[in-house]
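Geometric and topological summary
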Amino acid sequence: MAEIISGKVISAAVKERIAKEVEALKQEGTTPGLAVIIVGSDPASQVYVGSKERTCIELGMYSEKYELPETTTNEELLSLIDRLNKDDKIHGILCQLPLPRHLDEGKVIAAISPEKDVDAFHVQNVGRIMLGDYDFLPCTPAGIMEMLKYSNINPEGKHCVVIGRSNIVGKPMAMLMLHANATVTICHSRTKNLKEICKEADILVASVGKSKFVTADMVKPGAVVIDVGINRDQNGKLSGDVDYENVEPLCSAITPVPGGVGPMTIAMLMQNTLTSAKRSKIN
Ligand code: GUN
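Residues numbered from 1 in each chain as written. Predicted model: local features only at pLDDT ≥ 70, side-chain atom pairs only at ≥ 80, totals over all residues. Heavy atoms only, no water.

**Notes on the site of the ligand**
Taken together, the residues surrounding the ligand are K52, L94, C95, Q96, L97, D119 and F121. The contact in question runs from a nitrogen atom of the ligand to an N or O atom on the side chain of Q96, over 3.2 Å. Within the side chain of D119, an N or O atom sits 2.7 Å from a nitrogen atom of the ligand. A total of 280 Å² of accessible area belongs to the ligand in isolation, and the protein chains cover 82% of it. A breakdown of the residues in the shell around the ligand according to their chemical character gives four nonpolar, one polar and two charged. (Near = heavy atom within 4 Å. Polar contact = N/O pair within 3.5 Å; in protein donor to acceptor, adjacent residues only side chain to side chain. Areas by Shrake-Rupley, 256 points an atom, 1.4 Å probe, with all protein chains shown as cover. Nonpolar A, V, L, I, M, F, W, Y, C, P; charged D, E, K, R; others polar.)

Written out as structure tokens, the structure is:
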């Protein structure tokens, strides 16, 4: 039987600590503020953005939500970001991805002030993560590191295999594992012998976006399995990238979906907003 690493439980502990720090900061006259922008009506994005706004309020932070129509132009979106960059009440700006196809994602990410870039997507923050000298945590990978720490799983000297090379998860995940002294392999859709490589992992991180992609024959007995996926299976049921039912009996620890990595990502976003608000007092 594997240990179930509960993002629900661990994120609650993280959020409790953040709420206390928010309260202390408010006593000093600063309320951390997060602005969340969503363009269009993608149902999954609407759920994520709603969750981010709710958590913000739950932790005593100030929240602004901008729901812009699908027809929003680059100019309109950049002008809103420019205004939020200059707004002292706002310490974090997040523009939910993916954006509608006619919008320029690169330009939008570049327009967010690096000091308010709580997603850590700006090239300056990405570079700092690469160097291991960063203020803003890459939310999903940092949430995973927090789960490992809480579960007393030390990546040092372990072979960590990350499936997926996205800018949001795969690449920064590999960096954080490397900073934690793991030996890291990144796999992707063109990787040959994927199954054999995964089977060598002490820690396997699945960020593929395909329901039940990681099957039992890809997992070394005793491995730690982290599931970043949020998919719907054939019956519309929420499922991860891991075939949980068949993998769980094999491994030493595993994250469930839902209630695994998802809540941790949001907790880390709140941490970044708090960090930004604290820093605004220094500058
Ligand atoms: N879309 C999927 N994950 C994320 C995230 O962490 N941040 C933003 N802005 N968009 C996303």
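**Let's talk about the pattern of salt bridges**
In the structure shown here, the tally under the stated rule is 14 salt bridges. K65 is the partner of E67 in a salt bridge, and the nearest nitrogen-oxygen pair spans 4.0 Å. Salt bridges linked by common partners bring R128, D133, D135 and R279 together as one network. (Salt bridge = Lys/Arg side-chain N within 4 Å of Asp/Glu carboxyl O.)

**Remarks on the sheet that holds strand β3 (residues 62-68)**
Taken together, three strands build an open sheet; the order of strands is β3-β2-β4 and the sheet is parallel. Bordering the open sheet on either side are β3 and β4 (92-95), each of which pairs with just one other strand. In this sheet, neighbouring strand axes are inclined to one another by 15 degrees on average, regardless of whether the strands run parallel or antiparallel. Where strand β2 (residues 33-39) meets β3, seven bridges bridge the pair, whose relative direction is parallel. Across the sheet, the residue bridging to I38 is E67, located in β3. Those strands touched by helix α2 (residues 43-58) are β2, β3 and β4, and its axis lies near 160 degrees from that of β3. (Pairing = 2+ DSSP bridges. Helix = DSSP H or I, 4+ residues; strand = E, 2+ residues; numbered from the N terminus. Axes fitted to C-alpha atoms, helices over the stretch in contact; angles between N-to-C directions. Contact = heavy atoms within 4.5 Å.)

**Points about helix α7 (residues 170-179)**
Burial within α7 is extensive, with seven of its ten residues counted as buried. Inspection of α7 places G170, P172, M173, A174, M175, L176 and M177 among the buried residues, and these make up the whole buried set. Count one or two residues on from α7 and you reach N181, which has phi positive near 70 degrees. (Buried < 20%, exposed > 50% of the residue type's maximum accessible area, 1.4 Å probe, protein only.)

**Observations regarding the pairing of strand β6 (residues 183-187)**
The side chains of a regular strand alternate between both faces of the sheet. Here strand β5 (residues 159-163) runs beside β6; their pairing, made up of five bridges, is parallel. Looking at the pairing, V161 lines up with T185 of β6. You can see the chain leave β5, run along α7 and come back into β6, and the turn it takes is right-handed. (Right-handed = clockwise from strand over helix to strand, strands pointing away.)

**So, the pairing of β5**
By the criterion of burial, β5 is predominantly enclosed, with five of the five residues buried. Residues H159, V161 and I163 line one face of β5 and the alternating positions C160 and V162 line the opposite face, and both faces are buried. Looking at chain direction, β5 and strand β7 (residues 203-206) are connected through four bridges and run parallel. Residue V162 lies in a different strand from β7, and its bridge partner there is V205.

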